[in-house]
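# Structural characterization, general
Here is how the chains run, residue by residue.
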Amino acid sequence: MNKQKRTEIFQRLRAENPQPRTELHYSTAFELLVAVTLSAQATDKGVNKATAKLFPVANTPQAILDLGEEGLKQYIKTIGLFNSKAANIIKACRILVEQHQGEVPEDRAALEALPGVGRKTANVVLNTAFGHPTMAVDTHIFRIANRTRIAPGKTVLDVEKNLLKFVPKEFLLDAHHWLILHGRYVCVARKPRCGACIIEDLCEYKQKTE
């Protein structure tokens, strides 16, 4: 895929949705960190339902530590893998309090040092909370990057590097939101909705559907 096509793809995505946002509900970097940690193998809708009850009660590292692991579980028990997620969040909160004055660090290495925080979660926080032009590659973005040929790659890291290399700079800040939403609602896994796709004529997928 050439640069002209990529530029046109992102121009269209931007025209359709000028200010894309994550569908997770949050108001601070810490709330976002917790929400993204909870969202692994869970739906944003399910996470939002749990955090709508949790955050009014505890939305700082110290407040969650005060709840304790068992107390935290009561708020997130509707979410998959809640036992391990509760353990990781408690450990992460302890590190934030002891090493970062209760603040979420604006630094990849420090974020990835937190239990339950991998590269993708760190990228989401850096991009969405702090405005870094990072690319958090989830299953949707991995599929779209390969299917459309915007930035094909064999691994998640390959796709991340290729997106950072090939997405025109003016679109980088919002690119991962556009691609996630496109993958979630249009370019879905089993049968992409090519007939309803605004970039169908630019996409290089060979097996297009009606």
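Report follows, based on the coordinates. (Residues numbered from 1 in each chain as written. Predicted model: local features only at pLDDT ≥ 70, side-chain atom pairs only at ≥ 80, totals over all residues. Heavy atoms only, no water.)

## Digging into the overall build of the chain
To be explicit about the condition: A run of DSSP states H or I qualifies as a helix once it reaches four residues; a run of E qualifies as a strand once it reaches two. Both are numbered from the N-terminal end. Each radius of gyration is computed over the set of C-alpha atoms, and the globule rule expresses the reference value as 2.2 Å times the number of residues to the power 0.38. Whether two residues touch is decided by their heavy atoms; if any such pair falls within 4.5 Å, the residues are in contact. Residue-level accessible areas treat just the shown protein chains as cover; the underlying method is Shrake-Rupley with a 1.4 Å probe.
For the chain, the count of helices and strands is ten helices and zero strands. Each helix (α) and strand (β) of the chain, taken in turn from the N terminus, gives the series α-α-α-α-α-α-α-α-α-α. Relative to the 2.2 N^0.38 estimate, which gives 17 Å for 210 residues, the radius of gyration of the chain is 18 Å and therefore close to what a compact globule would have. By its C-alpha atoms, the chain is 55 × 30 × 30 Å across when sized along the principal axes. By sequence separation, contacts in the chain at least 24 residues apart represent 58% of the contacts at least 6 residues apart. Summing over all exposed atoms, the chain offers an accessible surface of approximately 10,800 Å²; the carbon and sulfur share of this is 51%.

## Notes on unusual backbone geometry
For Leu 81, which is not a glycine, the phi torsion comes out positive at approximately 60°. Checked against the element boundaries, Leu 81 lands in the loop between helix 4 (61-76) and helix 5 (82-100). Backbone geometry places Arg 149, a non-glycine residue, at a positive phi of 75°. Inspection of the secondary structure puts Arg 149 in the loop between helix 8 (139-148) and helix 9 (156-166).

## Comments concerning the side chain of Asp 138
Counted only if it meets this: In this scheme, a residue with accessible area under 20% of its type's maximum is buried, one over 50% is exposed, and one in between is partly exposed, where area comes from a 1.4 Å probe on protein chains only. Positive residues here are Lys and Arg, negative ones are Asp and Glu, while His and the chain termini are left out of the count. Each reported salt bridge corresponds to a side-chain nitrogen of Lys or Arg within 4 Å of a carboxyl oxygen of Asp or Glu. In protein, a polar contact means a hydrogen-donor-capable atom and an acceptor-capable atom, both N or O and within 3.5 Å, with residues adjacent in sequence counting only if both atoms are side-chain atoms; elsewhere, any N or O pair within 3.5 Å suffices.
Structurally, Asp 138 can be placed in the loop between helix 7 (119-129) and helix 8. Look at Asp 138: it is buried, it has no salt bridge, and the nearest opposite charge is Arg 184 at 5.0 Å. Here the side chain of Asp 138 touches His 140 through a polar contact of 3.1 Å, landing on its backbone nitrogen. When neighbours within four sequence positions are excluded, Asp 138 is seen to be in contact with Lys 120 and Ile 180.

## A word on the nonpolar core
Note the threshold: Side-chain atoms within 4.5 Å are what join buried Ala, Val, Leu, Ile, Met, Phe, Trp, Tyr and Cys residues into a set we call a nonpolar core.
Grouped together as the largest cluster of nonpolar side chains are 33 residues, with contacts concentrated most on Val 34, Ile 64, Leu 72 and Leu 111. Elements with a contribution of two residues or more to this core: helix 2 (29-39), helix 3 (44-54), helix 4, helix 5 and helix 7. At seven residues, the largest contribution of residues to this core is made by helix 2. Other than its neighbours up to four places away in sequence, Leu 111 contacts Val 104, Pro 105, Val 117, Ala 122, Val 125 and Leu 126.

## Comments concerning the pattern of salt bridges
According to the stated counting rule, one finds nine salt bridges in the structure shown. With a closest N to O distance of 3.1 Å, Glu 204 and Lys 5 form a salt bridge. You can see Glu 204 sitting in the segment after helix 10 (172-185) and its partner Lys 5 sitting in helix 1 (residues 3-16), a full 199 residues away along the chain. What makes Glu 204 partly exposed here is its relative accessible area of 25%. As a salt-bridge pair, Asp 44 and Arg 184 come within 3.1 Å of each other at their nearest N and O atoms. Taken as a pair, Asp 44 in helix 3 and Arg 184 in helix 10 lie far apart in primary sequence, 140 residues in all.

## Remarks on the side chain of Asn 48
As for its placement among the helices and strands, Asn 48 is situated in helix 3. Assessed through its relative accessible area of 11%, Asn 48 is described here as buried. Contact partners of Asn 48, with chain neighbours within four places excluded, come to Glu 23, Leu 24 and His 25.

## Details of the packing of aromatic side chains
What counts is decided by this rule: Under the pairing criterion, centres of Phe, Tyr and Trp rings, with the six-membered ring standing for Trp, must be within 6.5 Å; the plane angle then separates stacked pairs below 30 degrees from edge-to-face pairs above 60, leaving the rest tilted. Throughout this description, the term charge over a ring refers to an Arg CZ or Lys NZ atom that lies within 6 Å of the ring centre and within 35 degrees of the ring normal.
Throughout the structure, instances matching the rule amount to three aromatic pairs. Considering the side-chain rings of Phe 10 and Phe 171, the 5.8 Å spacing of their centres and the 25° angle between planes classify their relative orientation as stacked. Of the two residues, Phe 10 sits in helix 1 while Phe 171 sits in the loop between helix 9 and helix 10, which places them 161 residues apart along the sequence. Residue Phe 10 is classed as buried on the basis of its relative accessible area, which comes to 0%. Summarising the aromatic geometry, the rings of Phe 10 and Trp 178 are spaced 6.4 Å apart at their centres and angled 50° between planes, so their arrangement reads as tilted. Remark: Trp 178 occurs in helix 10 and Phe 10 occurs in helix 1; sequence separation between them is 168 residues. Under the relative-accessibility criterion, Trp 178 is labelled buried at 4%. Sitting above the plane of the Phe 166 ring, Arg 6 keeps its charged end 4.2 Å from the centroid. Above the plane of the ring of Tyr 205 lies Arg 147, whose end atom (NZ or CZ) is 5.1 Å from the centre.

Read these as geometric descriptors, not functional statements.
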